[in-house]
Amino acid sequence: MLSESPLGVYDSGVGGLSVLRAIRDALPHEPLLYVADSAHVPYGEKTQEFVEQRACAIADYFVSRQARAMVVACNTATAAAIALLRRRHPALIIIGVEPAIKPAAHLTHSGVIGVFATTGTLASPKFAALAQREAPEVRILLRPCPQWVRLVEQGVLSGPEAEAAVRAPVAELRQAGADVLVLGCTHFPFLRDEIQAAAGPGVPLLETGAPVARRLRHQLQERGLLRGQGPAELRLETTGSANALGELASRLLGQPLGAAATPERWRGLPRD
Ligand code: DGL
């Protein structure tokens, strides 16, 4: 059983585990409760209202578990719902993830960067504002990759199918001059080897797990909420199949892990 007051981390599916990995490295004594909203994955092509609804349900669930903080480990949900979540739970530390546009703008020599993300993230006003604020002088090439999310959810991380899915989008942005690539969806770090192979050695692939973990640590510290000792605890829950999540998470995190079902009340309707 997980200790009281965990840190809640959630995503539409397993993508947020790429952020959870960084959180575990930065905060090894914190009990973590990860929720994969697998019954509703992918979020990338869903409406803003739907993604907001799910974000509110999961935030309310974390609050019911006395979570000290919530990490929205999903670019799509951050873009759609973080402002609403902060209004709904003003006392809760809520950290979101955004594509690494700022570091990419600093790193580029060609003045062109490529961003892979979901359709929802790339179409959001929040993303447009981020690009305008952090990289006004840079040309930003956008490429939605919903198929990459599906592959990671199926556990296809390498091999001919993954290679084929990654090759064309990466080649397209590289040929258009992008010399830095942003992985603007938390699922994509799990395809990193294939993306790197397609992009060529030395091309930076930017993800956001580590900076998110640092921001979380800082905010907990500031409020005196950091746990300095105690065992590393991790509970995985899903609104979908617990067996499937346990198996896939074990592969993605490289250790045997079990998973449980999120209580029914928070799972949402299948027709959603
Ligand atoms: N992992 C998510 C993100 O960072 C969402 C992928 C999806 O559900 O479409 O955007």
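Residues numbered from 1 in each chain as written. Predicted model: local features only at pLDDT ≥ 70, side-chain atom pairs only at ≥ 80, totals over all residues. Heavy atoms only, no water.

J.: Teacher, can you tell me more about the sheet that holds strand E9 (residues 233-238) here?
T.: Hydrogen bonds between backbone groups are what pair the strands of a sheet, and the pairing can be parallel or antiparallel. Ordered by their spatial adjacency, 6 strands build an open sheet running E4-E3-E1-E2-E9-E10, and the pairing between neighbours is parallel. A strand with exactly one partner marks an edge of an open sheet, and here the two such strands are strand E4 (93-96) and strand E10 (260-261). Pairing analysis gives 4 bridges linking strand E3 (residues 69-72) to E4, with the strands arranged parallel. The partner of valine 72 across the bridge, within E4, is glycine 96. Docked against the sheet, helix H3 (residues 75-88) engages strand E1 (7-11), E3 and E4, running at close to 165 degrees with respect to E4. Set on the sheet, helix H10 (residues 209-222) makes contact with E1, E3 and E4; between it and E4 the angle comes to about 165 degrees. (Pairing = 2+ DSSP bridges. Helix = DSSP H or I, 4+ residues; strand = E, 2+ residues; numbered from the N terminus. Contact = heavy atoms within 4.5 Å. Axes fitted to C-alpha atoms, helices over the stretch in contact; angles between N-to-C directions.)

J.: In this structure, what is going on with the sheet that holds strand E5 (residues 112-117)? I would like to understand it.
T.: In spatial order, the strands read E6-E5-E7-E8; together these 4 strands make up an open sheet with parallel pairing. A strand with exactly one partner marks an edge of an open sheet, and here the two such strands are strand E6 (139-144) and strand E8 (205-206). Here 6 bridges tie E5 to E6, and the two strands are oriented parallel to one another. Considered in E6, the bridge of isoleucine 113 is made with isoleucine 140.

J.: Explanation requested: the layout of surface pockets in the structure shown.
T.: The gaps of empty space that remain are located by a probe, the size of a water molecule, rolled over the atoms. One number sums up the size of the largest pocket: a volume of about 210 Å³. Glu98, Pro99, Ala100, Ile101, Lys102, Pro103, Leu130, Arg133, Glu134, Thr208, Pro211 and Arg215 are the residues that line the largest pocket. For the lining of the largest pocket, the secondary-structure elements that each account for two or more residues are helix H4 (101-107), helix H6 (125-134) and H10. Partitioned by chemical class, the residues of the lining of the largest pocket number 6 nonpolar, 1 polar and 5 charged. (1 Å grid on protein atoms, 1.4 Å probe; cavity = no way out; pocket = protein on both sides within 12 Å on 5 of 7 lines; lining within 4 Å. Points joined across faces, edges and corners; volume = space filled by probe spheres on them. Nonpolar A, V, L, I, M, F, W, Y, C, P; charged D, E, K, R; others polar.)

J.: I tried to follow the packing of helix H1 (residues 17-26) against H10 on my own but got confused; where do I start?
T.: Each pair of packed helices can be described by the angle between their axes along with the distance between the axes. Between H1 and H10, whose axes approach to 8 Å, the crossing angle comes to 50 degrees. Taken together, the axes of H1 and H10 lie oblique to each other. Here the hand of the crossing between H1 and H10 comes out right-handed. Contacts between H1 and H10 pair Val19, Ala22, Ile23 and Ala26 from the former with Gly209, Ala210, Val212, Ala213, Leu216 and Arg217 from the latter. (Parallel < 35°, antiparallel > 145°, perpendicular 65-115°, else oblique. Left-handed = near helix turned anticlockwise from the far one by under 90°.)

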